Amino acid sequence: MENNAQEENQLNIELSEEVAEGIFSNLAIITHSNTEFILDFIRVMPGIPKAKVKSRIILTPTHAKRLAEALEDNISKFESVNGKIKVQEDQSFPMGFGGPTAQA
């Protein structure tokens, strides 16, 4: 009887090949209203002043809180194995990424 209850509570999650490849993002912008949180994931390229939103995730406030807690837990576990993640205090996002500009 307990096995049946566990089977009923399981969620079958499908991950297509396209989604499994993922989308690289090096900038996230988070906005919110009274009913939702919006996470825009952006890829900024060096020397290119225009960037596109590559993915947008819309969450309820409850799910946004759960996501924040899950990220905090996973970061803590990562750092316990790999050491502290270094974060630059400078919050500006340099368009040149600090490296030399390519020339043709």
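These numbers were taken from a predicted model, which means no experiment stands behind them.

Student: Looking at this model, I keep getting lost on the overall build of the chain. Mind explaining?
Tutor: Summing up its helical and strand segments, the chain has three helices and three strands in all. The secondary structure elements of the chain, listed N-terminal to C-terminal, are α-α-β-β-β-α. Burial status across the chain gives 7% buried among its 104 residues. Partitioning the intrachain contacts of the chain with sequence separation of at least 6 by distance along the chain shows that 31% fall at a separation of at least 24. When the accessible surface of the chain is split by element, carbon and sulfur atoms take 54% of a total near 9700 Å².

Student: I'm lost on the sheet that holds strand E2 (residues 37-43) in this one. Help?
Tutor: Hydrogen bonds along the backbone pair up the strands of a sheet, which may run parallel or antiparallel. Pairing in this open sheet of three strands is antiparallel, and the strands run E1-E2-E3 from one edge to the other. Strands with a single pairing partner mark the edges of an open sheet, and in this sheet they are strand E1 (27-32) and strand E3 (52-59). Across the sheet, the mean angle from the axis of one strand to that of its neighbour is 20°, orientation sign disregarded. Both E2 and E3 contribute to a ladder of seven bridges, which runs antiparallel.

Student: How do you make sense of the pattern of salt bridges when you look at a structure like this?
Tutor: Once their charged atoms are close, side chains differing in charge can pair, the charge on each being opposite to the other. Summed over all chains, the structure comprises three salt bridges. A salt bridge links Asp40 to Arg56; the nearest nitrogen and oxygen atoms lie 2.6 Å apart. Highlighted residues: Asp40 in strand E2 and Arg56 in strand E3, separated in sequence by 16 residues. A salt bridge links Lys77 to Asp73, with the shortest nitrogen-to-oxygen separation between them at 3.0 Å. Here Asp73 and Lys77 lie together in helix H3 (residues 61-82), a separation of four residues that amounts to about one turn.

Student: How should the side chain of Asp40 be read in this particular structure?
Tutor: Residue Asp40 is classed as buried on the basis of its relative accessible area of 9%. Residue contacts for Asp40: discarding those within four places in its chain leaves Leu27, Ala28, Ile29, Val53, Ser55 and Arg56.

Thresholds, definitions, all that
Residues numbered from 1 in each chain as written. Predicted model: local features only at pLDDT ≥ 70, side-chain atom pairs only at ≥ 80, totals over all residues. Heavy atoms only, no water. Helix = DSSP H or I, 4+ residues; strand = E, 2+ residues; numbered from the N terminus. Buried < 20%, exposed > 50% of the residue type's maximum accessible area, 1.4 Å probe, protein only. Contact = heavy atoms within 4.5 Å. Areas by Shrake-Rupley, 256 points an atom, 1.4 Å probe, with all protein chains shown as cover. Pairing = 2+ DSSP bridges. Axes fitted to C-alpha atoms, helices over the stretch in contact; angles between N-to-C directions. Salt bridge = Lys/Arg side-chain N within 4 Å of Asp/Glu carboxyl O.

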